[in-house]
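Architecture at a glance
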Amino acid sequence: MTPFHVRDGALWADDVALAEIADAVGTPFYCYSQTAIEQAYRAFADAFARYPALGDPLICYSVKANGALAVVAALATQGAGADVVSEGELRRALAAGVPARKIVFSGVGKTAREMAYALDVGIHQFNVESEPELEALSEVAAARGVKAPVAIRVNPDVAPDTHAKIATGGGETKFGVAWGRARQVYARAAALPGIAVVGIDVHIGSQIVALGAFEAAFAKVAELARALHADGHAIDRLDLGGGLGIAYEGGAMPPDVRHYAAIVERTVGALGCELIFEPGRALVGAAGALVARVVYVKRGEDRTFVILDAAMNDLIRPTLYDAHHEIVPVRAPAAGAILAPVDVVGPVCETGDVFALERPMPPLAAGDLVAILSAGAYGAAMASNYNSRPLAAEVMVIGDRFAVVRPRQTYEAILAGETVPDWHAAIPAIRKATG
Ligand code: LLP
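Note that the structure is predicted; figures quoted are calculated from it, not measured. (Residues numbered from 1 in each chain as written. Predicted model: local features only at pLDDT ≥ 70, side-chain atom pairs only at ≥ 80, totals over all residues. Heavy atoms only, no water.)

**A short note on the overall build of the protein chain**
A tally of regular secondary structure across the protein chain gives 13 helices and 21 strands. For 435 residues, the compact-globule formula gives about 22 Å, and the C-alpha radius of gyration of the protein chain, at 23 Å, lands near that figure. Based on the C-alpha atoms only, the size of the protein chain along its principal axes is roughly 70 × 60 × 40 Å. The burial tally for the protein chain puts 53% of its 435 residues in the buried class. Pairs at least 24 apart in sequence give 69% of the contacts found in the protein chain among residues at least 6 apart. Of the roughly 18,700 Å² of accessible surface on the protein chain, a fraction of 54% belongs to carbon and sulfur atoms. (Helix = DSSP H or I, 4+ residues; strand = E, 2+ residues; numbered from the N terminus. Rg over C-alpha atoms; globule rule 2.2 N^0.38 Å. Buried < 20%, exposed > 50% of the residue type's maximum accessible area, 1.4 Å probe, protein only. Contact = heavy atoms within 4.5 Å. Areas by Shrake-Rupley, 256 points an atom, 1.4 Å probe, with all protein chains shown as cover.)

**Things to note about unusual backbone geometry**
A cis geometry characterises the amide bond from Thr27 onward to Pro28, with omega recorded as -5 degrees. Mapped onto the elements, Pro28 comes out in the loop between α1 (18-25) and β4 (29-33). A positive phi is found at Asp14, a non-glycine position, where the angle reads about 50 degrees. Take Asp14: it is sitting in the loop between β2 (10-13) and β3 (16-17).

**Description of the layout of surface pockets**
If you add up the space inside the second largest pocket, you get close to 600 Å³. The wall of the second largest pocket is formed by 30 residues, among which Lys64, Thr168, His203, Ser206 and Tyr378 lie closest to the centre. Breaking the lining of the second largest pocket down by element, the ones donating at least two residues are α10 (281-284) and α11 (317-321). Each residue belonging to the lining of the second largest pocket can be placed in one class, and the counts come to ten nonpolar, eleven polar and nine charged. (1 Å grid on protein atoms, 1.4 Å probe; cavity = no way out; pocket = protein on both sides within 12 Å on 5 of 7 lines; lining within 4 Å. Points joined across faces, edges and corners; volume = space filled by probe spheres on them. Nonpolar A, V, L, I, M, F, W, Y, C, P; charged D, E, K, R; others polar.)

**What about the pairing of β2?**
The pairing of strand β1 (residues 4-7) with β2 spans four bridges and is antiparallel. Bridge pairing in β2 places Phe4 opposite Ala13. Taken together, β1 and the strand that follows it, β2, pair antiparallel across an intervening segment of two residues, in which Asp8 is found at a positive phi of about 50 degrees. Here two bridges tie β2 to β3, and the two strands are oriented antiparallel to one another. What sits directly across from Ala13, in β3, is Val16. (Pairing = 2+ DSSP bridges.)

**So, the site of the ligand**
Close contacts around the ligand come from 18 residues, with Ser206, Glu278, Arg317, Tyr321 and Tyr378 the closest. A distance of 2.4 Å is found between an oxygen atom of the ligand and a side-chain nitrogen or oxygen belonging to Ser206. Between the ligand and Tyr321, the relevant distance is 2.7 Å, taken from a nitrogen atom to a side-chain nitrogen or oxygen of the residue. Against a free-state accessible area of 590 Å², the protein chains account for coverage of 91% of the ligand. Taking a 2 Å distance to the grid points as the criterion, the majority of the atoms of the ligand fall inside the second largest pocket. The residue makeup of the shell around the ligand, split by class, is five nonpolar, seven polar and six charged. (Near = heavy atom within 4 Å. Polar contact = N/O pair within 3.5 Å; in protein donor to acceptor, adjacent residues only side chain to side chain. Sits in = over half its atoms within 2 Å of the grid points.)

**Focus on the side chain of Arg237**
Among the secondary structure elements, Arg237 is positioned in strand β12 (residues 237-239). Within the local environment of Arg237, its side chain forms a polar contact with the side chain of Gln125, the two groups lying 3.1 Å apart. Once residues lying within four places of it in the same chain are set aside, the contact partners of Arg237 are His124, Gln125, Pro149, Val198, Gly199, Ile200, Cys273, Glu274 and Ile276.

**A word on empty space enclosed by the protein**
Inspection of the entire model under this criterion finds one cavity of 30 Å³ or more. Put simply, the largest cavity is a space of about 40 Å³. Taken together, Tyr30, Asp314, Ala380, Ala383, Leu391, Ala392, Glu394 and Arg406 form the lining of the largest cavity.

Encoded structure:
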């Protein structure tokens, strides 16, 4: 389902040559395909449509994966809701056209201010992660004379096979209410004046490709739902979170969303609850690439470094999670080109600023363009200004058209808003230096 393909000896996104975009906007830039995003959404929705017993699930795109307004708007147009974890993401989802009644609010540290805003705009549900949070939310809601619709996030103590930094289902993580205390916490919630218990929420981690962990977790949720019904709670909704992985290695097959849907049907299908999902990566990951230009090729004693104009501040996944991203030259290599191992790195002053180590690559020279694939999720969303590098441009492609959906950040924008206190002796000189 990747939109990136070779045509006429060069890499294209849909029907636009990446080199043409590079000429127009410079490098580095993120390129997303709206068609690929729409297809991923349809594949996700259609997988559930095969099971009438599952109703019409609410698919809340997890905005943290890629919050670009153009991306969220594309999904909203398809009918997606949004999973948000901050007031900023909530405002972003609303600005992109997601109706408040399709938004769920997750996260372990919602503040009273964030709760008040979400209540005022009328979101679908709060996914609450602790008793102190329940009490705080009840207070904010009661002060407004309303009841907050709440699903309690339970921690099923199921550890998926994924990177430790993105596994959330294990009992030792900060997420959710401990499995053994769930019924007690539901009883507490039911007694609070500003809370309306509506369901159960679970999310066990991200980039999960072995689907057995979902089966184990959802089976436990079904068991809990039955126990809570027996306790007299109205459990009408199950939010089963996100986490479905994608294929990062060339040639690997992504997990099949239809198998995921079959697991859902097997485990919770008989409960008759409204289902909610929070996919992020599975909808946007494969639809994006980070395109960069080679600045130098540096030959060391026993290694060759291909130094790009993109860096860890643009895409931090390789250094943070040892993540593998395929890197392909935008101009296709000559037939029979010999691959040699190189380190593909950025210009940031850290040894960890790498995109790939000892990666077999065809010959590359200064000025060449490369595309770092599967960068649509947790790429631009996790970018920073480290080393005072401007945020990369973001481009959306549809068919043979492209649009800059976020221009490259300017240096003026990086400095805007910063001041030097006026007790600083050197201030006139500094003011001058920063314009
Ligand atoms: N729902 C909740 C409550 C989450 O915490 C997350 C992701 C999602 C949904 C969406 O998960 P997805 O479908 O995208 O796997 N930065 C990391 C991933 C962090 C995921 C955090 N939570 C990465 O680049 O791999």
